[in-house]
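Spelled out from the first residue to the last, the chains are:
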Amino acid sequence: MTRFSVNDRPVEYRMEPETPLLWALRDASNLTGTKYGCGTGECGACTVDIDGEAIRSCMVTIAECEGRFVTTIEGLARDRSHAVQQAWVAEQVPQCGFCQSGMIMAAAALLRSNSNPSDAEIDAAMTNICRCGTYPRIRTAIRLAGRVIRGEERIAAAPPPGIRPEDAARAVPALRFPPGS
């Protein structure tokens, strides 16, 4: 049995120690925000945070996670309030959305260690592949999230999930219902 923490909860996997973390998260824990892309660590769709570092979960076994702390996109901020998540919405980064979980996890790890990265530092940290090519918006969103983390700016982005449509309409002017509806 392999024991470590996932999203601040202790877990114990009764799987082969050589099982890639990706499959333990997706199949055993039903944390499907971590995506399978290439299985070779190239695309980054499976990026998670392990002890504060962005790691490709397809390339690490559950045995290598023994005693460590793993955070997936589901555990970053359950209400989507993390600065990176909010910046992603504000800058309209996602298109197809497939790579976004891994991108957000890589960006959050970068900003945790450096809240004001240069373009070169962003490029070095963000090696994930976006099939839709949203790289300029990704860079803009990372810069915005950094300003939020540093307390220089606030984001008025989408309401958190679970909000009623009429409450969302009050919170986000673009969602207002037309008169008489």
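Scroll up to find the structure.
**Details of the overall build of the chain**
- When helices and strands are tallied, the chain shows 7 helices and 5 strands.
- Secondary structure elements of the chain occur, N-terminal to C-terminal, as β-β-α-β-β-β-α-α-α-α-α-α.
- When contacts within the chain are restricted to residue pairs at least 6 apart in sequence, long-range pairs at least 24 apart make up 57% of them.
- Accessible area of the chain: about 9800 Å², with a carbon and sulfur share of 50%.

**Notes on the pairing of strand 3 (residues 47–50)**
- Judged by which residues are buried, strand 3 turns out to be covered on both faces: Thr-47 and Asp-49 on one side and Val-48 and Ile-50 on the other are all buried.
- Bridging between strand 3 and strand 4 (residues 53–56) involves 4 bridges; their strand directions are antiparallel. By the bridge assignment for strand 4, Val-48 is matched with Ile-55.
- What sits between the antiparallel neighbours strand 3 and strand 4 is a turn of 2 residues, in which Asp-51 has the positive phi angle 50°.
- As paired strands, strand 3 and strand 5 (residues 69–71) are joined by 2 bridges and run antiparallel to one another. The residue of strand 5 that forms the bridge with Ile-50 is Val-70.

**Some words on the packing of helix 3 (residues 83–90) against helix 4 (residues 100–113)**
- Between helix 3 and helix 4, the least distance of the axes is 9 Å, while the angle of their chain directions is 125°. As far as their axial angle goes, helix 4 and helix 3 are oblique. Of the two possible hands of crossing, helix 3 and helix 4 adopt the one that is right-handed. Where helix 3 abuts helix 4, its residues Val-84, Gln-85 and Trp-88 lie against Gln-100, Met-103, Ile-104, Ala-107, Ala-108 and Leu-111.
- For the contact of helix 3 with helix 4, the residue count by class is 7 nonpolar, 2 polar and no charged.

**What about the packing of aromatic side chains?**
- Tallied over the full model, the rule gives 2 aromatic pairs.
- Here Phe-4 and Tyr-13 contribute two aromatic rings whose centre-to-centre distance is 5.4 Å and whose plane-to-plane angle is 40°, an arrangement assigned as tilted.
- Classification of Phe-4 as buried rests on a relative accessible area of 4%.
- For Tyr-13, a relative accessible area of 4% gives the class buried.
- Judged by centre distance (5.2 Å) and plane angle (35°), the rings of Trp-23 and Tyr-36 are tilted. You can see Trp-23 sitting in helix 1 (residues 21–28) and its partner Tyr-36 sitting in the loop between helix 1 and strand 3, a full 13 residues away along the chain.

**So, unusual backbone geometry**
- Within the chain, Asn-30 stands out as a residue other than glycine whose phi angle is a positive 55°.
- Its location among the elements puts Asn-30 in the loop between helix 1 and strand 3.
- With relative accessibility at 60%, the residue Asn-30 sits in the exposed group.
- Residue Gln-92 is not a glycine yet carries a positive backbone phi of 50°.
- By the element assignment, Gln-92 lies in the loop between helix 3 and helix 4.

**Thoughts on helix 1**
- Within the sequence span of helix 1, burial applies to Leu-21, Leu-22, Ala-24 and Leu-25.
- Where helix 1 is buried, its residues touch strand 1 (2–6), strand 2 (9–13), strand 3 and strand 5.

What counts as what
- Residues numbered from 1 in each chain as written.
- Predicted model: local features only at pLDDT ≥ 70, side-chain atom pairs only at ≥ 80, totals over all residues.
- Heavy atoms only, no water.
- Helix = DSSP H or I, 4+ residues; strand = E, 2+ residues; numbered from the N terminus.
- Contact = heavy atoms within 4.5 Å.
- Areas by Shrake-Rupley, 256 points an atom, 1.4 Å probe, with all protein chains shown as cover.
- Buried < 20%, exposed > 50% of the residue type's maximum accessible area, 1.4 Å probe, protein only.
- Pairing = 2+ DSSP bridges.
- Axes fitted to C-alpha atoms, helices over the stretch in contact; angles between N-to-C directions.
- Parallel < 35°, antiparallel > 145°, perpendicular 65-115°, else oblique.
- Left-handed = near helix turned anticlockwise from the far one by under 90°.
- Nonpolar A, V, L, I, M, F, W, Y, C, P; charged D, E, K, R; others polar.
- Phe/Tyr/Trp six-rings, centres within 6.5 Å; stacked < 30°, edge-to-face > 60°.

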